[in-house]
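Structure at a glance
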Amino acid sequence: MSKKQIALRIGSFILIFSILFLSLERYFWNGAATSDTWADIQDPEADPPDILFMGNSHLFTAIIPDLIQQSTGLKAEILGSSAQNAEITKRNLEIVLAHKTPKYIVIEVNAVLSANMEDLLAQNRGFLLNNFDGIQKYPQRFSAIKGLFATDYIPEALFQLFRPSETWERWKKSKNSSSLTKLGYLPKTGFSNVGYKDSHGADTAQLYANAKPKGLTDYNIQAFQEILDLTASKNIPVYLYKNMIGQDVQSYQVDGIQQLLQYTEEYDNVHWLGDWNLVTDEIGINAYDFYDKGHLNQKGAVKNTVYMIQQLEEFLDIQADYSSVFAYRSEQIDQLKDGSYRFTIENFSPDTLYSFYMKENGKTLFQTEYSDQNYIDLPRLPSRYQSLAVYMLPADCDMTDTREIRERRIAVTFMREAKSKEYEVLPNS
Amino acid sequence: MMFTTFSFILFTAAVLLLYWLLPGKYRTPFLLLASYYFYSCYDIKYLFFLLFSTLSTYGAGLLMERLQDKPRSKKSVLILTLLANLSLLLVFKYLTFFGSVVQQVLDLIRVPVTLTFPQLLLPVGISFYTFQIIGYLADVYNGKTAASHDLSQYALYVAYFPKIMQGPIENSANFLVQLKEKRCFSYEKFVDSFTLLLIGYFKKTVLADRFAVPVDTIYGNLASYDGFSYLLAAFFYSLQIYCDFSGYTDIARGVAGLMGYDLLENFSHPYLAGSIRDFWRRWHASLTKWFTTYIYIPLGGNRKGIFRWALNIMIVFLVSGLWHGAAFTFVIWGLIHGLYQLIGKFTRAYKDKLLAALHISKSGYPYRICSVVCTFCLVMFAWIFFRAPSLTDAFTLIRGIFSFRFAGFDLMNLGMCKEELIFSFCMVPFLFVMELFDEKKNLIVTLSRQRLPVRWLVYYILIFTIIMFGIYGDLSAASFLYFQF
């Protein structure tokens, strides 16, 4: 075969590949990654959200919209993506307002304080993967593609070359929906990072105190003002707050908040719910409530959401009622005077039956009968190969119907081995 | 620069293009530079050790050639060079392990001494290239191969980028010889190598990294799983490690083939082996050959009686275990395979008598299927030790499997969504069918005989399957398992 023929053949192969790729790329997207929140907002039949939360990962790992909805009756939804910045938040808001008018909007200001587009394009993989469709300027889009190639997201980058800007399929709803469902929280409204990790958090107040001031950039100010103008034009009350963010606190600075608040003074519809890094004790957040150094885990998110509901009660003149919320609320380990340990778990619903069980090497060592006793006393902490868990069941469940029990119960692993091979007893023990 | 990264694909494409555009005399130095660049991408400090090993063994080879008439001096050169290179491997790979063993002994006899060792970063590929240069030195010493006089050729023999990380462990008779010959572009070879490359990527990104999900989920949290899950983890790990390592080898051989080189075939459908002995002929063949040539035969092989043979086998597998990792789990894994061999040998006569009494033909399908399944189960059992983070975990897994507690097993608790699970389970029979087909017909040869539209269709299906179902990228893709060795 001559060199010319070989070159022709290789060229044809690449050409056919490109045509096939372009034709098939729309089918490559994983349907599971489609955001129900976006679908809901763009669905003309669906009711608008009563309360819409906007922010980045620090928000969507810290607020459980279903808990708000079930306790207050307000339809709550989150639009948040990894490393979402001010411009993307503004872009999201524009699209939301084109379809629906939420009654209230809560903006977690880390998204407004975060880096500008160029910095994010250069370094933030999460931003590139989750915000691409919101990037409007074509030079920036090409930078994003370059960034994706550089981080080895090859098909992501290739697909983005051809994606129309108005599609939003790439918004992920949850990274770990199965364990979320087990906790009794539906994943559809956006809550991720629910892995049960007793990761070491940090003394956020101390970190906060040590943080170096970093002012707001013109870029952030401009995008923020546009966000405020948009909400003012629709007369939507806006609540701003800053979520606690563990060790990441140093990268989001505070004097920026003061600057930011100056711009809100001329807007009557804007209210400040505070900087929650400064009220961690009030919220009850401790080092074991973090998923990683910057994000809350499910326990932290429950506490954080309850605190958010308290704030909403104050500002919106609503009354929260948790009695119909059937979901894990908290847990506690106490060492009793005789040296034994009491493991207490609490469900939001008072009408809950509890059944504790312990497994060792996969074998069930014991399981208690379902009862309203929400604690169990054990002579010692579970060993390395044991895990203590609890089933929670609504009290109105038909106890003779094993299928109903299986379908309605939620399971929460109480404690298992920590990374260090030593059990980490919660601070209240 | 992992094989599953875009950077590697770009790098390979650029190297390939320049390689074929350059005049023949510049190709070896160019490939050497490219290989050193590739290697230094992991850590430039590693390059120092590679250069040391290359230069010391190159010099030793030349010296031994000159000392043909002085056997004692020649032997001294061999021993010194071996010691220098082996000590590097021992220090980097085994210092902490042996140190911890000594510490345990000291604690046991209550000697109040605490040993401390620096945490050394193991240079990537050191186990592979050290074995390769040991083989070269031994061959030169024994006169089986002539010492290389061309430094760039020899350096490329040691550092050639497709194989430096995980082999195959090339012997000088195969690869060094090829480096001396002029390579001519062959379209047919190019296409076959491209197919092999695609198959390798398919095995690694679509199969191995997908099978890894339930494995990592279960091994990472043994307390939450039961007997059947353990069995599933052991099963999937057996498939994962095969697809991972053979996938790597296919990619390495594919890349080398695109440049006109033939690397050794490391895998020959090992899970279709009818005995453990057969398994080791098919699994990591370059390592098996190395152990046979440079340890088993020098120890006496089977020439010194049955007990010495048994001892030699156990030594070889003990070293094999230690080569794979500095931990007792690997030692046990090696010893189990050694024991398998001994039991196989000692029971062969009884087995043959039994088969004859039952009128079962060894060539019949029922016997062959049974022996393949039994061999797979034995290998799978040994892999438990290979994968487990500790001996305690391995025994937990084994106890769990043999407790036969299969109640309460939840498929949805394996770290995968429903679609992924279905896909993974479908891939298992697919893998075995492909292995059988390849064993009988040779997939690549069969494909190369098809008409162009059929071939291209297969290529496109493979490429799109990798793009759609593959797991890759520096965040999501797992490292190759043998990378750590």
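For clarity, every value in this text was computed on a predicted model and none was experimentally measured.

**Section: the overall build of chain A**
When helices and strands are tallied, chain A shows 17 helices and 12 strands. The 429 residues of chain A split such that 55% are buried. A separation threshold of at least 6 residues defines the contact pool for chain A, and within that pool the share at least 24 residues apart is 73%. Of the roughly 19,300 Å² of accessible surface on chain A, 49% is carried by carbon and sulfur atoms.

**Brief notes about the overall build of chain B**
Scanning chain B from N- to C-terminus turns up 19 helices and 0 strands. A buried classification covers 54% of the 485 residues belonging to chain B. Long-range pairs, those at least 24 residues apart, make up 75% of the contacts in chain B between residues at least 6 apart in sequence. Accessible surface, chain B: about 21,900 Å² in total, of which carbon and sulfur atoms supply 68%.

**Quick notes on the sheet that holds strand β7 (residues 341-347) of chain A**
All names here are of chain A. Read across the sheet, 3 strands follow the order β6-β7-β10 without closing on themselves; strand pairing throughout is antiparallel. Looking at strand neighbours, the two that pair on one side only are β6 (328-335) and β10 (375-378), the edges of this open sheet. Along the sheet, successive strands turn relative to each other by an average axial angle of 15°, direction set aside. Of the strand pairs in this sheet, β6 and β7 are connected by 7 bridges, and their pairing is antiparallel. By the bridge assignment, serine 330 is partnered in β7 with glutamate 346.

**A look at the sheet that holds strand β3 (residues 104-108) of chain A**
Residues and elements named next belong to chain A. One open sheet holds the 5 strands; their spatial order is β2-β1-β3-β4-β5, and the pairing between them is parallel. What marks the edges here is a single partner per strand, and that holds for β2 (76-80) and β5 (270-275). On average, each strand axis in the sheet is tilted by 20° relative to the strand beside it, whichever way the strands run. As paired elements, strand β1 (residues 51-55) and β2 share 5 bridges and run parallel to each other. Each bridged residue has a counterpart across the sheet, and for isoleucine 51 the counterpart in β2 is alanine 76. Strands in contact with helix α5 (residues 86-99) are β1, β2 and β3; relative to β1, the strand with the most contacts, it is inclined by about 155°.

**Regarding a nonpolar patch on the surface**
On the surface, a cluster of nonpolar side chains totalling about 190 Å² of accessible area is made up of Ile16, Leu20 and Leu24 of chain A. Turning to its location among the elements, leucine 20 of chain A is positioned in helix α1 (residues 3-24).

**What to know about the packing of helix α3 (residues 44-66) of chain B against helix α6 (residues 151-159) of chain B**
Relative placement of two packed helices is described by the angle separating their axes and the distance separating the axes. Residue and element names in this part refer to chain B. At a closest axis distance of 10 Å, the pairing of α3 and α6 adopts a crossing angle of 130°. In terms of orientation, α3 and α6 fall into the oblique class. Here α3 runs over α6; the crossing is right-handed. Along the contact surface, α3 presents Leu50, Thr54, Leu55, Thr57 and Tyr58, while α6 presents Leu151, Tyr154, Ala155, Val158 and Ala159. Tallied by class, the residues present in the contact of α3 with α6 amount to 8 nonpolar, 2 polar and no charged.

**Points about the side chain of aspartate 250 of chain B**
Residues and elements named next belong to chain B. Topologically, aspartate 250 is positioned in helix α10 (residues 227-258). A residue is classified by how much of its surface remains accessible, and aspartate 250, at 9% relative accessible area, is buried. Here lysine 203 takes part through its side chain, which lies 2.9 Å from a polar atom of the side chain of aspartate 250. Ignoring any residue separated from it by four or fewer positions in sequence, one finds aspartate 250 in contact with Leu196, Leu197, Ile199, Gly200 and Lys203.

**Re the pairing of strand β4 (residues 238-242) of chain A**
Residue and element names in this part refer to chain A. Where burial is concerned, most of β4 is hidden: 5 out of the 5 residues are buried. The two faces of β4 match: Val238, Leu240 and Lys242 on one face and Tyr239 and Tyr241 on the other face are all buried. Sheet analysis places β3 next to β4, joined by 4 bridges and oriented parallel. Bridging across to β4, isoleucine 105 finds its partner in valine 238.

**Some words on the nonpolar core**
Counting residues in hydrophobic clusters, the biggest one holds 154 residues, and the most contacted among them are Phe8, Met259, Tyr271, Trp283 and Trp383 of chain B. Residue contributions to this core peak at 17 residues, all from α10 of chain B. Dropping the residues within four chain positions of it, phenylalanine 8 of chain B is found in contact with Met1, Met2, Phe3, Phe38, Phe161, Tyr201, Ile251 and Val255 of chain B. In this structure, Leu67, Ile309, Leu316 and Phe343 of chain A belong to the second largest nonpolar core, which totals 55 residues.

**Focus: helix α5 (residues 126-141) of chain B**
Residue and element names in this part refer to chain B. The terminal C-alpha atoms of α5 lie 22 Å apart, and with 16 residues this matches the ideal 22 Å at 1.5 Å per residue to within 8%. Burial analysis of α5 places 15 of its 16 residues in the buried class, which makes it a mostly covered element. Looking one or two residues beyond α5, the residue adopting positive phi is glycine 143, at roughly 75°.

**A word on the side chain of lysine 75 of chain A**
Assignment of secondary structure puts lysine 75 of chain A in the loop between α4 (65-72) and β2. When neighbours within four sequence positions are excluded, lysine 75 of chain A is seen to be in contact with Asp40, Asp47, Pro48, Pro49, Asp50, Ile51 and Gln69 of chain A.

**Considering the packing of aromatic side chains**
For any pair of aromatic rings, the description consists of the separation of the ring centres together with the inter-plane angle of the planes. Residue and element names in this part refer to chain B. Applying the stated criterion across every chain, the model contains 74 aromatic pairs over all chains. With centroids separated by 5.0 Å and ring planes inclined at 75°, the aromatic side chains of tyrosine 19 and tryptophan 20 adopt a geometry described as edge-to-face. For the pair tyrosine 19 and tryptophan 20, one class covers both residues: buried. Look at tryptophan 280 and tryptophan 333: their rings are 5.9 Å apart centre to centre, the planes differ by 65°, and that puts the pair in the edge-to-face class. You can see tryptophan 280 sitting in helix α11 (residues 276-282) and its partner tryptophan 333 sitting in helix α14 (residues 328-357), a full 53 residues away along the chain. One exposure class covers both tryptophan 280 and tryptophan 333, and it is buried. A cation over a ring is seen here: lysine 163 above tyrosine 157, with NZ or CZ 5.9 Å from the ring centre. Above the ring of tryptophan 309, the side-chain terminus of lysine 345 is found at 5.2 Å from the ring centroid.

**Points about α1 of chain A**
All names here are of chain A. Here α1 is 22 residues long and its end C-alpha atoms lie 31 Å apart, about the 32 Å a rise of 1.5 Å per residue gives. For α1, the complete set of buried residues consists of Ile6, Phe13 and Phe21. One side of α1 carries all its buried residues, which in axial view fall inside an arc of 65°. The exposed set on the far side of α1, more than 90 degrees from its buried face, consists of Lys4, Leu8, Leu15 and Ile19.

**Quick word on the pattern of salt bridges**
Residue and element names in this part refer to chain B. Within the structure shown, the criterion is met by 16 salt bridges over all chains. The closest approach of N and O atoms between aspartate 43 and lysine 45, which form a salt bridge, is 3.5 Å. With relative accessibility at 16%, the residue aspartate 43 sits in the buried group. With relative accessibility at 56%, the residue lysine 45 sits in the exposed group. Salt bridges linked by common partners bring Asp278, Arg281, Arg282 and Glu439 together as one network.

**Thoughts on the confidence of the model for chain B**
Residues and elements named next belong to chain B. Averaged over every residue, the pLDDT of chain B is 87; the share at 70 or more is 95%. Per-residue pLDDT stays below 50 along residues 474-485; that stretch engages in 51 contacts with residues further than four places along the chain or on separate chains. Scored by ipTM, the complex comes to 0.76, with pTM at 0.67.

**A word on the packing of helix α2 (residues 24-40) of chain B against α3 of chain B**
All names here are of chain B. For the pair α2 and α3, the least separation of the axes is 8 Å and the interaxial angle reads 135°. Looking at the two axes, α2 sits oblique to α3. When α2 is examined against α3, the residues Tyr36, Tyr39 and Ser40 are found in contact with a partner set consisting of Ile44, Tyr46, Leu47, Leu50, Leu51 and Thr54. Along the lines of polarity and charge, the residues of the contact of α2 with α3 split into 7 nonpolar, 2 polar and no charged.

**Observations regarding a positive patch on the surface**
All names here are of chain B. On the surface, a cluster of positive charge is contributed by Arg277, Lys345, Arg348 and Lys351. At 3 residues, α14 tops the list of elements feeding residues into the positive patch. Relative to the helices and strands, arginine 348 is located in helix α14. Classification of arginine 348 by relative accessible area gives partly exposed; the value is 31%.

Calculation notes
- Residues numbered from 1 in each chain as written.
- Chains lettered and ligands numbered in written order.
- Predicted model: local features only at pLDDT ≥ 70, side-chain atom pairs only at ≥ 80, totals over all residues.
- Heavy atoms only, no water.
- Helix = DSSP H or I, 4+ residues; strand = E, 2+ residues; numbered from the N terminus.
- Buried < 20%, exposed > 50% of the residue type's maximum accessible area, 1.4 Å probe, protein only.
- Contact = heavy atoms within 4.5 Å.
- Areas by Shrake-Rupley, 256 points an atom, 1.4 Å probe, with all protein chains shown as cover.
- Pairing = 2+ DSSP bridges.
- Axes fitted to C-alpha atoms, helices over the stretch in contact; angles between N-to-C directions.
- Patch = residues over 30% accessible without salt bridge, like charges linked within 9 Å, V, L, I, M, F, W, Y side chains within 5 Å.
- Salt bridge = Lys/Arg side-chain N within 4 Å of Asp/Glu carboxyl O.
- Parallel < 35°, antiparallel > 145°, perpendicular 65-115°, else oblique.
- Left-handed = near helix turned anticlockwise from the far one by under 90°.
- Nonpolar A, V, L, I, M, F, W, Y, C, P; charged D, E, K, R; others polar.
- Polar contact = N/O pair within 3.5 Å; in protein donor to acceptor, adjacent residues only side chain to side chain.
- Core = buried A, V, L, I, M, F, W, Y, C linked by side-chain atoms within 4.5 Å.
- Expected span 1.5 Å × (residues − 1).
- Phe/Tyr/Trp six-rings, centres within 6.5 Å; stacked < 30°, edge-to-face > 60°.
- Lys NZ or Arg CZ within 6 Å of the ring centre and 35° of its normal.
- Arc of directions from axis to C-beta.
- pLDDT = per-residue confidence, 0-100.
- Lys, Arg positive; Asp, Glu negative; His and termini not counted.
- Charge placed at Lys NZ, Arg CZ, Asp CG, Glu CD.

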